[in-house]
Amino acid sequence: MTALKVMEGQYLQLDDEAVASLTASLRGDLVTPDSADYDEARAIWNAMIDRRPGAIVRCAGTSDVMAAVRFARQHDLLVSIRGAGHNIAGNSVADGALLIDLSGMKSVHVDPGRGVVRAEPGCTLGDLDHETQAFGLAVPTGINSTTGIAGLTLGGGFGWLSRKHGMTIDNLISADVVTAEGELVRASAEENADLFWGIRGGGGNFGIVTSFEFQAHPLGPEILSGLIVHPFADAMDVLKQVYALTEQAPDELTVWVVLRKAPPLPFLPEEVHGTEVLGLAAMYAGDMADGETALAPFRGIGNPIADVISPHPFAGWQQAFDPLLTPGVRNYWKSHNFEAMTEDILEICLEFASKLPTPHCEIFLAQLGGATQRVAHDATAYPARDAAYLMNVHGRWEDTSDDAAVVGWSRELFDRLAPHATGNVYVNFMPDDEADRIRGAYGSNYDRLVELKRKWDPANMFRLNQNIRPD
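Residues numbered from 1 in each chain as written. Predicted model: local features only at pLDDT ≥ 70, side-chain atom pairs only at ≥ 80, totals over all residues. Heavy atoms only, no water.

1. Here we look at the sheet that holds strand 7 (residues 108-111)
Now for step 1: The strand order across the open sheet formed by five strands is 7-8-12-10-11, and the pairing between neighbours is antiparallel. For this open sheet the edge positions go to strand 7 and strand 11 (184-188), each flanked by a neighbour on one side alone. Across the sheet, the mean angle from the axis of one strand to that of its neighbour is 15 degrees, orientation sign disregarded.
Now for step 2: Where strand 7 meets strand 8 (residues 116-119), four bridges bridge the pair, whose relative direction is antiparallel. Looking across to strand 8, one finds that Asp-111 is bridged to Val-116. (Pairing = 2+ DSSP bridges. Helix = DSSP H or I, 4+ residues; strand = E, 2+ residues; numbered from the N terminus. Axes fitted to C-alpha atoms, helices over the stretch in contact; angles between N-to-C directions.)

2. Focus on the pattern of salt bridges
Now for step 1: By the definition in use, this model includes 34 salt bridges.
Now for step 2: With its nearest N and O atoms 2.8 Å apart, the salt bridge here joins Asp-170 to Arg-385. Taken together, the positions of Asp-170 in the loop between helix 6 (162-165) and strand 10 (172-178) and Arg-385 in the loop between strand 20 (362-367) and strand 21 (389-397) put the pair 215 residues apart, joining distant regions of the chain.
Now for step 3: Look at Asp-170 and you get partly exposed, because its relative accessible area is 27%.
Now for step 4: Arg-385 gets classed as buried once you look at its relative accessible area, which sits at 5%.
Now for step 5: Overlapping salt bridges bring together Asp-111, Arg-114, Arg-118, Asp-176, Arg-186, Glu-191 and Glu-213 as one network. (Salt bridge = Lys/Arg side-chain N within 4 Å of Asp/Glu carboxyl O. Buried < 20%, exposed > 50% of the residue type's maximum accessible area, 1.4 Å probe, protein only.)

3. Quick notes on the packing of helix 11 (residues 343-353) against helix 12 (residues 403-417)
Now for step 1: At their nearest, the axes of helix 11 and helix 12 sit 10 Å apart, and the two run at 165 degrees to each other. In terms of their interaxial angle, helix 11 and helix 12 are classed as roughly antiparallel. In this structure, helix 11 crosses over helix 12, and the sense of that crossing is right-handed. Contacts from Ile-345, Ile-348, Cys-349, Glu-351 and Phe-352 in helix 11 reach Trp-409, Glu-412, Leu-413, Arg-416 and Leu-417 in helix 12.
Now for step 2: Classifying every residue of the contact of helix 11 with helix 12 gives seven nonpolar, no polar and three charged. (Parallel < 35°, antiparallel > 145°, perpendicular 65-115°, else oblique. Left-handed = near helix turned anticlockwise from the far one by under 90°. Contact = heavy atoms within 4.5 Å. Nonpolar A, V, L, I, M, F, W, Y, C, P; charged D, E, K, R; others polar.)

4. Section: the environment of Thr-2
Now for step 1: Locating Thr-2 in the fold gives a position in strand 1 (residues 2-5).
Now for step 2: Look at Thr-2 and you get buried, because its relative accessible area is 14%.
Now for step 3: Residues Thr-2 and Leu-346, 344 residues apart in the sequence, show an inter-C-alpha distance of 53 Å.
Now for step 4: Once residues lying within four places of it in the same chain are set aside, the contact partners of Thr-2 are Leu-12, Gln-13, Leu-14, Val-19 and Gly-54.

5. Structural notes on the packing of aromatic side chains
Now for step 1: Scanning the entire structure with this criterion turns up 15 aromatic pairs.
Now for step 2: Between the aromatic rings of Phe-158 and Trp-256, the centroid separation amounts to 5.8 Å while the plane-to-plane angle is 40 degrees, which identifies the pairing as tilted. Pair noted here: Phe-158 is in the loop between helix 5 (149-155) and helix 6 and Trp-256 is in strand 15 (residues 253-261), with a separation of 98 residues, a long-range link.
Now for step 3: Phe-158 sits in the buried class, given a relative accessible area of 6%.
Now for step 4: Judged by relative accessible area, Trp-256 falls into the buried class, the value being 5%.
Now for step 5: Ring centres 5.7 Å apart and planes at 70 degrees place the aromatic pair Trp-317 and Phe-321 in the edge-to-face group.
Now for step 6: A residue is classified by how much of its surface remains accessible, and Trp-317, at 5% relative accessible area, is buried.
Now for step 7: Here the aromatic cluster, defined as three or more aromatic residues joined through ring pairs, consists of Trp-45, Phe-158, Trp-160, Trp-256, Trp-317, Phe-321, Trp-333, Phe-364, Tyr-382, Tyr-426 and Phe-429.
Now for step 8: Over the ring of Phe-196 we find Arg-200; its NZ or CZ atom is 4.0 Å from the centre of that ring.
Now for step 9: The positively charged end of Lys-334 is found above the aromatic ring belonging to Phe-414, 4.1 Å away from the centroid. (Phe/Tyr/Trp six-rings, centres within 6.5 Å; stacked < 30°, edge-to-face > 60°. Lys NZ or Arg CZ within 6 Å of the ring centre and 35° of its normal.)

6. A few points about the sheet that holds strand 4 (residues 55-58)
Now for step 1: Reading across from one edge, 3-4-6-5 is the order of the four strands in this open sheet, with mixed pairing throughout. What marks the edges here is a single partner per strand, and that holds for strand 3 (29-31) and strand 5 (79-82). Within the sheet, the average angular offset between the axes of one strand and its neighbour, ignoring direction, is 20 degrees.
Now for step 2: The pairing of strand 5 with strand 6 (residues 98-101) spans four bridges and is parallel. Its bridge partner being in strand 6, Ser-80 is matched across the sheet by Leu-99.
Now for step 3: Against the sheet, helix 3 (residues 62-75) engages strand 4, strand 5 and strand 6, with an angle of about 165 degrees to strand 6.

7. As for helix 8 (residues 235-246)
Think of an α-helix as turning once every 3.6 residues; residues three or four places apart then point the same way.
Now for step 1: In a regular helix each residue adds 1.5 Å, so twelve residues correspond to 16 Å; helix 8 covers 16 Å between its end C-alpha atoms and thus fits that length.
Now for step 2: All buried positions along helix 8 are accounted for by Ala-235, Val-238, Leu-239, Val-242, Tyr-243 and Thr-246. Looking straight down helix 8, one finds its buried side chains confined to an arc of 120 degrees; they lie on one side. (Expected span 1.5 Å × (residues − 1). Arc of directions from axis to C-beta.)

8. Thoughts on the nonpolar core
One recurring pattern in soluble globular proteins: nonpolar side chains tend to sit buried together.
Now for step 1: Residues Phe-158, Trp-160, Leu-195, Ile-199, Met-283, Tyr-442 and Ile-468 are the most contacted members of the largest nonpolar core, which totals 71 residues.
Now for step 2: At five residues, helix 14 (residues 446-456) tops the list of elements feeding residues into this core.
Now for step 3: Contacts of Ile-199, omitting those with residues within four sequence positions, involve Thr-153, Leu-154, Leu-172, Ala-175, Ala-187 and Phe-206.
Now for step 4: Ile-228, Leu-280, Phe-338 and Ile-345 belong to the second largest nonpolar core, which has 45 residues in total. (Core = buried A, V, L, I, M, F, W, Y, C linked by side-chain atoms within 4.5 Å.)

Structure representation (structure tokens):
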């Protein structure tokens, strides 16, 4: 007998015949709590999440996804969906749920003549870059190679190429979606256009995407990128100059700010290791000589500890921050969007950067704007097109004894900055205790999303996400 939770919350004992019928319908595997690899199969990136699904369907292809959804529908089971398992909220695993695991679906196909890429939902950004860069192409995605393409895309997706080519959803051509009925449909501007609108920012609320089709753009294999590290004592003066320059920066240039304790990087003096620093992470998505010109004013600011701006392989630059976001560590994030980076915002960020609760914590200030703002707020489900900057607080630590300190620090910084923020939030950065922010995250698009949910998932089967309730 296998115990699985139904959507109303009770547990249902499934007999061996029912379990056998599910297993027989799969090309992939069914993992149960008795399986030797159960603990490995249920583990995700954020070590704060330690939940025990009732069973895990490791899908080998779309037919497995359809079979799992139909089985869940037949038995009214609680369902969770896992792509690469990188989401901060940990919604991909739930106690007692049937976990539909897509992480084994990692195929990537590139059509270099059309510049079109098709990727399955288990792919990471590293998987995508590995294939596209072989043809001198790139899809605008995020900034860590271990991030999953599915979760990133469904929430919006932004990174080093967004100012030049738009968000990930702005480069989505079509998607294959398994609905709550267990049927496969295509979503594009021509087919099921309402669903296509909803999956571009509305998360996993409307179905399970089993294939994404993207427009890629010529890039690389080498781009101009790197870090400029400044002493923390100079931070305010440096930041004022940086943000005066970003207002005039070309779309090809993206400059992010990170406030943290310096890791033991080989290009940093040993005496700096473990002390607070200000880092500028920059990339130019275009001609190398033009990039040198665009970055020159930023490189001329102050007296940096280190400047390692140089040509790098794009795929390597996408992996540069991976060591700071390895799996198996406890994580808690808080995020805000801003229309401008004011002195008041900077003062608050620097105040909290001076009292980081652990060496792994950091404050990221991302530059958006450019092409991301040239899309109407209601053109996709993602509405926050007015955001020019985004803050993500990375609360990160190893010992459970630091839980209260890190979470408290993150929340206090978030509260102090709230009066300066737009009220929108990037749903991929929301922890699991922010259900009250979902309406604000979608703003004027929220009611349309509710109507879409009523059409495509009226029973709210796909609820373990930043959930848009049909009622």
